[in-house]
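Chain and residue survey
Spelled out, the chains give:
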Protein chains: 2
Amino acid sequence: MSSVVIHDPTLRDGQHAVRHQLGVAALRGYAEAADAAGIPVVEVGHGNGLGASSLQVGRAAVSDDVMLSTVREALRHSKMAVFMLPGWGTSDDLRKAVAHGADVVRVGVHCTETSLAERHLGFLREEGAEAHCALMMSHMATPAELAEHAARAVGYGARAVGIMDSAGHLLPQDVTDRIGAMAEAVDVPLIFHGHNNLGMAVANSVAAAGAGAAIIDGCARGFGAGAGNTQLEVVVPVLERSGYATGIDLYALLDAAEFAERELMPAPPVTGSLSIVSGLAGVFSGFKHQVLDQSARAGVDPRDVFFELGRRQAVAGQEDLIVDVVAELSARKAAI
Amino acid sequence: MSSVVIHDPTLRDGQHAVRHQLGVAALRGYAEAADAAGIPVVEVGHGNGLGASSLQVGRAAVSDDVMLSTVREALRHSKMAVFMLPGWGTSDDLRKAVAHGADVVRVGVHCTETSLAERHLGFLREEGAEAHCALMMSHMATPAELAEHAARAVGYGARAVGIMDSAGHLLPQDVTDRIGAMAEAVDVPLIFHGHNNLGMAVANSVAAAGAGAAIIDGCARGFGAGAGNTQLEVVVPVLERSGYATGIDLYALLDAAEFAERELMPAPPVTGSLSIVSGLAGVFSGFKHQVLDQSARAGVDPRDVFFELGRRQAVAGQEDLIVDVVAELSARKAAI
């Protein structure tokens, strides 16, 4: 039986579903439950990572300092991880996280922009922290491109590198191809982080392990925006049944998930129409609210907007494209 | 591009999630929406099928007669299907369903008990109805056994035969093996009906199509007991993307699913701890309430009860086994 390391971003990626409003009691309670279950790595933070709490993407209920010290105290065995997006987070934030005892630091970049992580990965290498590089929106790059960027990230200092299926667009064969190509290019552990827009998060995670991924992400009850993440307490026993040891206690894991459902979220994620459409279109689901607002005002179908954004390969940060697409669809409609 | 026929049991299997309380307006509204989306077959009935409304498994809000006439009126293009379990349903019920204009009649039996369907399938053959035979709890039989029973069902008169993953236990390779063996044994269309206890319903459905299944079941928002069924409006576009034409209009399908979420269910299904455990154990999730009640009274862990029921290969109708298992676990605990 081979083994995989389970990485749990419930207290970071899940924050997107509650506008970053998890409080100290929720953070502590879940971290303790995850630790008791033997989950190897517990990630915490604002949904957009270190330093991201802001008017633009939402202020967190709790500061980075308090999040980190709360979770650090709660974890006896599990490692603590943080996430950062260059631009939102800075080297100062990384320094602070290391000082708070973060064992794993993940730097996330768009899948073909690893160069943006170079400085941060280099800094973390010097600090001796376990640096991961996560290639986001990974459906937008070919397996060969991802392999090339994985090799670059390792060159910059990443001790693990992997892909996030940020739009929930990938199907199992897509994952197999991508992880497989990366496994040939680098010797560090490979990460897979799934989203469930097309109901494939668990199947994709098993495909990733089969292709050589050694670190699999999952969130309790799939806690996350829209259709949510890979459901942690499902993927763990399914990986075990598929021949991958996780070292996690099943009953304690189910208890942690019940705590999460009760104390962290108003309700578990539902795969609604726009989650499905954004998954099919391959568009970041974080565009949802702006697409809905602008479509309603212009009287166009938000689903058309998502598919057109997908054709234009829109990525996070390109919210201006929504304005263009809505205006164009509205004009096209008026011309009929 | 090959094609698959989508069969939609939202108004029958979904009833389990609302104790068979769907009313006339809900039945009519969803049937109209499904018809507008071009869903080929719409199934309706009490969750346990024709004639099942009773104190023992729950009285439906609406009689079989009213359900059938309501849905028949609402469907302009889609075929109407009904389900029956020999023992609950009788030949009189089948006669009534055919008189109401049911196009497809599914007879469900435990996967190794096709002989129980012989008389009913023979009757339907004489009536000229399109008879299907569904082999339930199909994880409990080997591919070879399922192939043998599929051939028997076809001999009795079934014009399509397939498997229900009633416990939500199967993984994609298990489905491939089972459908593959059946495809070698019979020449009629093969059916796959999934449940989502292990997050695999959509992936299993794609695997089924890949192995030769021509009829795929799905319910709007996965409407069904516990972790629910294969989510219809997800599996359809994923099948399309995987190379299987369905003939269904995506936007109208998404609209039907939104109607279902709003008008049929208090909330979409959630994959909770006991759904996961019953899926792993391979036990019918309908045991849940009795397992919970009896475990609480005896002070034993309901998860242990499910796993022990799985080891004893309990099937629906063997509720007495729950009493035995709870008593034994309780005695074992007292002896420690």
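Residues numbered from 1 in each chain as written. Chains lettered and ligands numbered in written order. Predicted model: local features only at pLDDT ≥ 70, side-chain atom pairs only at ≥ 80, totals over all residues. Heavy atoms only, no water.

In the annotation of an unreviewed UniProt entry, the entry for chain A reads 4-hydroxy-2-oxovalerate aldolase, and the organism field reads Streptomyces lonegramiae.

Turning our attention to the overall build of chain A. Scanning chain A for helices and strands turns up 14 helices and ten strands. Relative to a compact globule of 336 residues, whose C-alpha radius of gyration would be 20 Å, chain A shows 19 Å and is just as compact. Taking the principal axes of the C-alpha coordinates as reference, chain A spans close to 65 × 45 × 40 Å. Relative to its full complement of 336 residues, chain A shows a buried share of 60%. Sequence-distant contacts, at least 24 apart, represent 76% of the contacts inside chain A between residues at least 6 apart. Per element, the accessible surface of chain A, about 12,200 Å² overall, is 49% carbon and sulfur. Between the centroid of the 25 positive side chains of chain A and the centroid of its 39 negative side chains there is a distance of 4 Å. (Helix = DSSP H or I, 4+ residues; strand = E, 2+ residues; numbered from the N terminus. Rg over C-alpha atoms; globule rule 2.2 N^0.38 Å. Buried < 20%, exposed > 50% of the residue type's maximum accessible area, 1.4 Å probe, protein only. Contact = heavy atoms within 4.5 Å. Areas by Shrake-Rupley, 256 points an atom, 1.4 Å probe, with all protein chains shown as cover. Lys, Arg positive; Asp, Glu negative; His and termini not counted. Charge placed at Lys NZ, Arg CZ, Asp CG, Glu CD.)

Residues and elements named next belong to chain A. Under the feature "active site" (unreviewed entry), the UniProt entry names H16. You can call H16 partly exposed: its relative accessible area is 28%. Residues within four places of H16 in sequence aside, it is in contact with G47, N48 and A225. (UniProt positions renumbered as here; feature names shortened; annotations may be inferred.)

Looking now at the packing of helix α13 (residues 302-311) of chain A against helix α14 (residues 320-335) of chain A. Residues and elements named next belong to chain A. Closest axis-to-axis distance for the α13/α14 pair is 10 Å, and the angle between their directions is 120 degrees. By the angle between their axes, α13 is oblique relative to α14. You can see that α13 and α14 cross each other, and the crossing is right-handed. Within the contact between the two elements, α13 uses D304, V305, E308 and L309 and α14 uses L321, I322, V325, V326 and L329. (Axes fitted to C-alpha atoms, helices over the stretch in contact; angles between N-to-C directions. Parallel < 35°, antiparallel > 145°, perpendicular 65-115°, else oblique. Left-handed = near helix turned anticlockwise from the far one by under 90°.)

Okay, the sheet that holds strand β7 (residues 160-164) of chain A next. Residues and elements named next belong to chain A. Reading around the barrel, the eight strands line up as β2-β3-β4-β5-β6-β7-β8-β9 and close back on themselves, with parallel pairing between neighbours. Between one strand axis and the next, the sheet turns through 25 degrees on average, direction left out of account. Relative to strand β9 (residues 215-217), strand β2 (residues 5-9) is paired through three bridges, and the arrangement is parallel. Residue pairing in the sheet places I6 in a bridge with I216 of β9. (Pairing = 2+ DSSP bridges.)

This part is about the domain arrangement of chain A. Residue and element names in this part refer to chain A. Split by domain assignment, chain A resolves into domain 1 (2-263) and domain 2 (273-335). For domain 1 and domain 2, the distance between their C-alpha centres works out to 27 Å. Domain 1 puts eleven residues into the contact, and the matching count from domain 2 is twelve residues. A buried area of about 860 Å², summed over both sides, lies between domain 1 and domain 2, and 61% of it is on carbon and sulfur atoms. Summed over the shared surface of domain 1 and domain 2, the result is zero salt bridges. There are six residue pairs in polar contact (both at pLDDT 80 or more) connecting domain 1 and domain 2. Considered class by class, the residues forming the side of domain 1 that touches domain 2 number five nonpolar, six polar and no charged. (Domains from an automatic or database assignment. Buried area = accessible area lost by both parts, 1.4 Å probe. Salt bridge = Lys/Arg side-chain N within 4 Å of Asp/Glu carboxyl O. Polar contact = N/O pair within 3.5 Å; in protein donor to acceptor, adjacent residues only side chain to side chain. Nonpolar A, V, L, I, M, F, W, Y, C, P; charged D, E, K, R; others polar.)

Attention now goes to the interface of chain A and chain B. At the interface, 37 residues of chain A touch 37 residues of chain B. A buried area of about 2,900 Å², summed over both sides, lies between chain A and chain B, and 62% of it is on carbon and sulfur atoms. Looking only at chain A, the three residues that lose the most surface to chain B are R241, Y251 and R303 of chain A, adding up to 24% of its buried area. Our count for the contact surface shared by chain A and chain B stands at four salt bridges. Across the pair R241 of chain A and D174 of chain B runs a salt bridge, and its minimum N-O distance is 3.3 Å. The interface formed by chain A and chain B holds 14 residue pairs in polar contact (both at pLDDT 80 or more) in total. Contributing elements (two or more residues each) for the side of chain A that touches chain B: α8 (201-211), α9 (232-241), α10 (250-263), α11 (273-281) and α13 of chain A. The element that contributes the greatest number of residues to the side of chain A that touches chain B is α10 of chain A, accounting for six residues.

The phi dihedral of Q313 of chain A falls on the positive side, at around 55 degrees, and the residue is not glycine. Within the secondary structure, Q313 of chain A sits in the loop between α13 and α14. A positive phi angle, near 55 degrees, is found at M137 of chain B, a position not held by glycine. Among the secondary structure elements, M137 of chain B is positioned in the loop between β6 (130-136) and α6 (143-156). Take M137 of chain B: its relative accessible area is 5%, and that puts it in the buried class.

Here the focus is empty space enclosed by the protein. Within the structure shown, the criterion is met by two cavities of 30 Å³ or more. By volume, the largest cavity is sized at about 500 Å³. Taken together, 29 residues line the largest cavity, and the ones lying closest to its centre are N196 and T271 of chain A together with N196, Q231 and T271 of chain B. A per-class count over the lining of the largest cavity returns 13 nonpolar, 14 polar and two charged. R12, V44, G45, H46, G49, L50, D64, M67, L68, V82 and F83 of chain B are the residues that line the second largest cavity. Going through the elements one at a time, α3 (64-74) and β4 (79-84) of chain B are the ones with two or more residues in the lining of the second largest cavity. (1 Å grid on protein atoms, 1.4 Å probe; cavity = no way out; pocket = protein on both sides within 12 Å on 5 of 7 lines; lining within 4 Å. Points joined across faces, edges and corners; volume = space filled by probe spheres on them.)

This paragraph deals with helix α6 (residues 143-156) of chain A. Since the α-helix advances by 3.6 residues per turn, residues separated by three or four positions end up pointing in the same direction. Residues and elements named next belong to chain A. Here α6 is 14 residues long and its end C-alpha atoms lie 20 Å apart, about the 20 Å a rise of 1.5 Å per residue gives. Elements in contact with the buried residues of α6: α5 (118-127), β6 (130-136), β7 and α7 (172-185). Looking one or two places after α6, you find G157, whose phi comes out positive at around 130 degrees. (Expected span 1.5 Å × (residues − 1).)

In a structure, side chains of opposite charge can pair up when their charged atoms sit close to one another. All chains considered together, the criterion is met by 37 salt bridges over all chains. The residue R106 of chain B makes a salt bridge to E43 of chain B at a minimum N-O spacing of 3.9 Å. Remark: E43 of chain B occurs in strand β3 (residues 41-44) and R106 of chain B occurs in strand β5 (residues 104-110); sequence separation between them is 63 residues. One connected set of salt bridges, linked through shared partners, spans R12, D13, E43, R106 and D217 of chain A.

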